[in-house]
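Fold and contact review
Each chain, written out:
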Amino acid sequence: MADIPALLAALDVFTRTPDKASLDKANNWLQDFQHSPEAWSTCNVLLLSPDAPLAAKIFAAQTFRAKVTYDLSQVDPINLPALKNTLLAALETYKSGPRNIVVQICLALAGLAMQFPSWNNAVETMINKFGSNPSTVPTLLQFLTLLPEELHTNHRVPITDDEWHDRLSVLVTGNVKKVLDLLTVYIQASGVTSEIQSQIFACLRSWIVSGEVNLSDLASSPLLGFAFEAISSDQLFDSAVELICDIIHETQEIDDNMPLIELIVPRVIALKPLLTKDHENPDRMRGYARIFAESGETYRMLIVRHTETFYPIVEALAECTAYSDLDIVPITFQFWSRLAQVIGKKSSVPPLFAQAYRSVMAVIIKHLQFPSDDMPLSGQEAEDFRAFRHVMGDTLKDCCDVLEAEPCLLATYEMISSALSRNQGTLSWQEIEAPLFALRSMGAVVDPKDDNAVPKILQLIPQLPLHPRVRYAALLIISRYTEWINIHPNFIQPQLQYISAGFEVADLDVCAAAGQALKYLCQDCKQHLVEVLPTLRNFLHAVASNLLQDDRRKIYEAIAHVISAMPMEKAAESLKTFSLDILAIIHAVANKNGQVTKQELQAASDGLENLEAMLYVIGSFGEELPSACQDTCREAWTIFQVFLSKYGSDPELAERTSRVLRYGLSFFDRAVLTIAPEVVSSMSMGFEATGIASYLWIGAKLVSRFGDEEDQNLHTAFAELFRRSTNKMMSLLHTQSAGTLADVLDDYVQLSMQVLHQTPDIYFDPLLFPLAFQANCAALTIVQSDVVCSALDTFQAIFNHQCLDPSTPNPPNFIAYANTIHNVLESQGPNFIGFLLMGLIGDFPPETDSLVISIFRIVATIWPTQMLVWLPDVLQRMPPTTVPVQVKQKFIADVTGAITDRRFDQVRYTVINFHRESRRARDRRRTAALEK
């Protein structure tokens, strides 16, 4: 056992605090050891050695579990009974613990039973060996608990679906009655401890959840009664709750399980008085809430059909919803939602349910209240509460589904009115803000034709206290009700005044809410606001300097919505007016002599963002530009060209400008053609000078839109764009790793794809294509999924290009394209295939598997001889820790056979098998690492 000292030394590394290199070296050694055939005997020695360190024994048990899962093929079938006896002996040795060793050996035995067809009496074997002695019963229960779980969850065991079904039938289904009888005996045994009882409950849960237990057998078993009796035990409470919830959940087929349900429901209802008795014990209240919630969700149809019998469950859940601990309250929400879906389909709501949902609505609004000012929330606690308020808002919508929106709105409105009528000295802002938040949530289900509740709510808003949190909530109500306001335009002016006042408040949250309210008001009521656009412009000029940029941008978005509702000519004039305001700022910065201040540059950046927001909302005016826009394309580009020449090396300003250019391209469309060569040239030189990806992005958009134009100047500009971009990309890759250039590679690949599709004569230039191919290969080495997908799409387009199809006559330029591709593959083929295969078994996203396999098959079909030369070297470079040697050998043999026999479709399946086996080996190492 020469491996034992080395193994102990490797394990010892993890007890210290070494450097990462030492940890990685030790980890790799241990993983390689686990995969070796010698690990079986070495780990058996360690498990049975009384002097071995505990860490070594735990590792040995883990190794047995891993080898049974992955490496049972290393054991001659004739030796499987001996392996079984070895594991049973080890389990006997560790019957008293440690538990983690017992668990690993039990998992190994379960995995062995799955793959050892002649061991059909595994459960009986375990019962006979460990079931009679009280000291070994916990070990037996551990195995019985893990057996169905392992059968249902360990998908790494190499057996077919048919074999799995056979073993499930033999090991679990055929032993259900035997196990239930055994658990019944144990639970009733004299002197049974709470620890054993808890294990019994866990074991019963495992078998029930497996779906193999006939629940009618449970109806005649005393185990159900014991589970409910265990609720009174502090030691068994948690395990009893888990078991009861699982039993209830498994009775979802109501008609099939009525005998058991008739036993469960009275016992559940009998728990209701405990909500009062244990009200001060949140742990118990959480358990009760889970049982009642599971009962309510599972039996909701019975609750509706037999309300008087089942209504105590609803009452209990209402009590749980009203509980003060907000970690417990949401346990009930799914029930209220599902019950509302059932009740909402009825023509009328029974009074008891209406009463329950009114009660829930009231307590939810109470829960929505922020703590008092002398006990404020802060940090993560405040964020969590804000998020939870939105979850509670969904339950308020459920209340509206049952009670209808108008009564809910009016009841909430009355809460606010009642609070406002009290002495203002005793009124807290929290009492007003909570129902306001509720009105906002319920606004999602408001009837746009409502003429009773919503008018009262909107008329109440100006009367609300001026507290910032109240104003914030009120402004967001306006945001939610703008569709209703559009149908009732007489409410626009008061809301506009309230919103305008919000911008004058110093509180930043209030300003943000005002911006959002104005945006949605203008979006939904735009046709009613056309006449007030000049007022909006004056308002913008008056308040803009006092607002945060995010709030300014929302105002510009709002104005753009109004412009979009105007007749085209008038809309064009208005857009030009606002655009010129912004362009004037950028022009001033671009043409300023001397040093520009940081504030001036920020103002230009903000202006670009605002212009982008307006263009995004408006989109375009169609194919024919209005007269007001005829000359603005060149005028605007003149300003941007100067601006980029001075400040285009700033990544943020380049990004901002390019986004405006992107929407400008959509807006002006073919009007851009007159300046397109200049824009393309500017993008070429911009990327060459700075390496900023934004220039590539716009370049790709221009190629995509105008690549098929018969304009020699534009075609020359595209060629120059691709040449400069490719050379710059390669220059960057020589000095930086691909991982640090992910954004640039992403946009380069997009440009590459567009040039390939639109101007293949540029793409397949013999001087540029090798570099472009190399850059696309670099994109395969980074972890961003979208970049990898784009690069693979490009490669597929290359290898599927018609120029490579020998069955069709090709024009002379296609012959030149094909020669260029062949020349590049001759030199870069091995690296390319290496990138493909390493990505396939490594970090490529799963959705690319079929794409990689398809590309590999195409390459093998077109270059079969070269593939057989490349493949051994490619696989040789892959470490055995990534791809085991036997997997490499089989892959080479399978590919060689498929190519030799010219069965190129079979190549696809060889790659699939290679992928499966390599991933399995990788998953094994990952699992082993996690267990350490």
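Refer to the structure printed above.
Let me begin by describing the structure that accompanies this report. (Residues numbered from 1 in each chain as written. Predicted model: local features only at pLDDT ≥ 70, side-chain atom pairs only at ≥ 80, totals over all residues. Heavy atoms only, no water.)

**As for the overall build of the protein chain**
- When helices and strands are tallied, the protein chain shows 47 helices and zero strands.
- A buried classification covers 53% of the 932 residues belonging to the protein chain.
- Look at the contacts in the protein chain between residues 6 or more apart in sequence, and 74% of them connect residues 24 or more apart.
- Looking at the protein chain as shown, the accessible area adds up to about 41,000 Å², and 52% of this sits on carbon and sulfur atoms.
- One way to put it: in the protein chain the 74 positive side-chain charges average out to a point 3 Å from where the 107 negative ones average out. (Helix = DSSP H or I, 4+ residues; strand = E, 2+ residues; numbered from the N terminus. Buried < 20%, exposed > 50% of the residue type's maximum accessible area, 1.4 Å probe, protein only. Contact = heavy atoms within 4.5 Å. Areas by Shrake-Rupley, 256 points an atom, 1.4 Å probe, with all protein chains shown as cover. Lys, Arg positive; Asp, Glu negative; His and termini not counted. Charge placed at Lys NZ, Arg CZ, Asp CG, Glu CD.)

**Some remarks on the pattern of salt bridges**
- Counting across every chain of the model gives 40 salt bridges.
- The salt bridge partner of arginine 469 is aspartate 509, with a shortest N-O separation of 3.3 Å. Of the two residues, arginine 469 sits in helix H26 (residues 468-480) while aspartate 509 sits in helix H29 (residues 508-524), which places them 40 residues apart along the sequence.
- Since its relative accessible area comes to 19%, arginine 469 is described here as buried.
- A salt bridge links arginine 553 to aspartate 550, with the shortest nitrogen-to-oxygen separation between them at 2.2 Å. (Salt bridge = Lys/Arg side-chain N within 4 Å of Asp/Glu carboxyl O.)

**Let's talk about the environment of serine 221**
- Among the secondary structure elements, serine 221 is positioned in the loop between helix H12 (215-219) and helix H13 (223-229).
- Spatially, the C-alpha atom of serine 221 lies 8.4 Å from that of aspartate 181, the residues being 40 residues apart in sequence.
- Engagement of the side chain of serine 221 in a polar contact is seen with the backbone nitrogen of leucine 223, the distance being 3.1 Å. (Polar contact = N/O pair within 3.5 Å; in protein donor to acceptor, adjacent residues only side chain to side chain.)

**A look at the packing of aromatic side chains**
- In total, this model carries 33 aromatic pairs according to the counting rule given.
- On the numbers, 5.5 Å between centres and 50° between planes, the contact of phenylalanine 799 with phenylalanine 832 is tilted. On the criterion of sequence distance, the pair formed by phenylalanine 799 in helix H42 (residues 785-799) and phenylalanine 832 in helix H43 (residues 812-841) is long-range, its members being 33 residues apart. As far as the burial class goes, phenylalanine 799 and phenylalanine 832 line up, both buried.
- Taking 5.8 Å as the distance between ring centres and 80° as the angle between the ring planes, the aromatic pair formed by phenylalanine 799 and tryptophan 863 counts as edge-to-face. Placement of phenylalanine 799 in helix H42 and of tryptophan 863 in the loop between helix H44 (849-862) and helix H45 (864-876) is noted, with a sequence separation of 64 residues between them. As far as the burial class goes, phenylalanine 799 and tryptophan 863 line up, both buried.
- Through a chain of ring-to-ring contacts, three or more aromatic side chains come together here, namely Phe722, Tyr748, Tyr763, Phe764, Phe769, Phe773, Phe795, Phe799, Phe814, Tyr817, Phe832 and Trp863.
- The ring of phenylalanine 437 carries arginine 389 above its face, with NZ or CZ at 4.1 Å from the centroid.
- When the ring centre of tyrosine 498 is taken as origin, the NZ or CZ atom of arginine 471, which lies over that ring, is 5.8 Å away. (Phe/Tyr/Trp six-rings, centres within 6.5 Å; stacked < 30°, edge-to-face > 60°. Lys NZ or Arg CZ within 6 Å of the ring centre and 35° of its normal.)

**Points about the side chain of threonine 298**
- Residue placement: threonine 298 occurs in helix H17 (residues 282-298).
- In terms of polar contacts, threonine 298 uses its side chain to reach the backbone carbonyl oxygen of glutamate 294, at 2.8 Å.
- The contacts of threonine 298, once residues within four sequence positions are left out, are Ile248, His249, Thr251, Gln252 and Ile254.

**Some points on helix H7 (residues 122-130)**
- For H7, the full list of buried residues reads Ala122, Val123, Thr125, Met126, Ile127 and Phe130.
- On its buried side, H7 packs onto helix H5 (80-93), helix H6 (99-115), helix H8 (137-153), helix H9 (161-171) and helix H10 (176-188).

**Observations regarding unusual backbone geometry**
- A cis amide bond, omega 0°, links glycine 97 with the succeeding residue proline 98.
- Note that proline 98 resides in the loop between H5 and H6.
- Positive phi outside glycine occurs at glutamate 404, with the angle close to 80°.
- Structurally, glutamate 404 can be placed in the loop between helix H22 (379-403) and helix H23 (405-420).
- Phi angles above zero are rare outside glycine, and arginine 902 is one such case at about 55°.
- Tracing the sequence through the fold places arginine 902 in the loop between helix H46 (885-900) and helix H47 (904-931).
- Residue arginine 902 is classed as exposed on the basis of its relative accessible area of 57%.

**Description of the packing of helix H2 (residues 20-35) against helix H4 (residues 54-70)**
- The interhelical angle for the contact between H2 and H4, taken along N-to-C directions, is 50°, at an axis separation of 9 Å. With respect to H4, the element H2 is oriented oblique. Crossing handedness for the pair H2 and H4: right-handed. Every residue of H4 that contacts H2 at Leu30, Phe33, Gln34 and His35 is listed here: Phe59, Gln62, Thr63 and Lys67.
- Its residues assigned to classes, the contact of H2 with H4 shows three nonpolar, four polar and one charged. (Axes fitted to C-alpha atoms, helices over the stretch in contact; angles between N-to-C directions. Parallel < 35°, antiparallel > 145°, perpendicular 65-115°, else oblique. Left-handed = near helix turned anticlockwise from the far one by under 90°. Nonpolar A, V, L, I, M, F, W, Y, C, P; charged D, E, K, R; others polar.)

**Some remarks on helix H41 (residues 769-779)**
- Judged by how many residues are buried, H41 sits mostly within the fold: eight of eleven residues are covered.
- Elements that come into contact with the buried residues of H41 comprise helix H38 (712-735), helix H39 (742-758), helix H40 (760-763), H42 and H43.

**Quick notes on the packing of H45 against H46**
- The contact between H45 and H46 brings their axes to 11 Å, and the two run at 180°. Put simply, H45 runs roughly antiparallel to H46. Between H45, through Pro864, Met867, Leu868, Leu871, Pro872, Leu875 and Gln876, and H46, the contact on the second element is made entirely by Lys888, Phe891, Ile892, Val895, Thr896 and Ile899.
- In the contact of H45 with H46, the residues fall into ten nonpolar, two polar and one charged.

**Some thoughts on a negative patch on the surface**
- A cluster of like negative charges, contributed by Asp161, Asp162, Glu163 and Asp166, occupies part of the molecular surface.
- Position of aspartate 162 among the secondary structure elements: in helix H9. (Patch = residues over 30% accessible without salt bridge, like charges linked within 9 Å, V, L, I, M, F, W, Y side chains within 5 Å.)

**Structural notes on the state of the cysteines**
- Applying the stated criterion across every chain, the model contains zero disulfides.
- Among the cysteines around cysteine 399, which has no disulfide bond, cysteine 408 carries the closest sulfur, lying 6.1 Å off.
- Judged by its relative accessible area of 0%, cysteine 399 falls in the buried class.
- With no disulfide partner, cysteine 400 has as its closest neighbouring cysteine sulfur the one in cysteine 408, 3.9 Å distant. (Disulfide = S-S within 2.5 Å.)

**Focus on the environment of phenylalanine 856**
- Among the structural elements, phenylalanine 856 can be located in helix H44.
- A C-alpha to C-alpha distance of 9.4 Å links phenylalanine 856 and methionine 867, two positions eleven residues apart in sequence.

**Some details on the side chain of serine 725**
- For serine 725, the location among the structural elements is in helix H38.
- Taking the relative accessible area as the measure of exposure, serine 725 reaches 0% and is therefore buried.
- Leave out the neighbours within four places in its chain, and serine 725 touches Phe687, Leu696, Tyr748 and Leu751.

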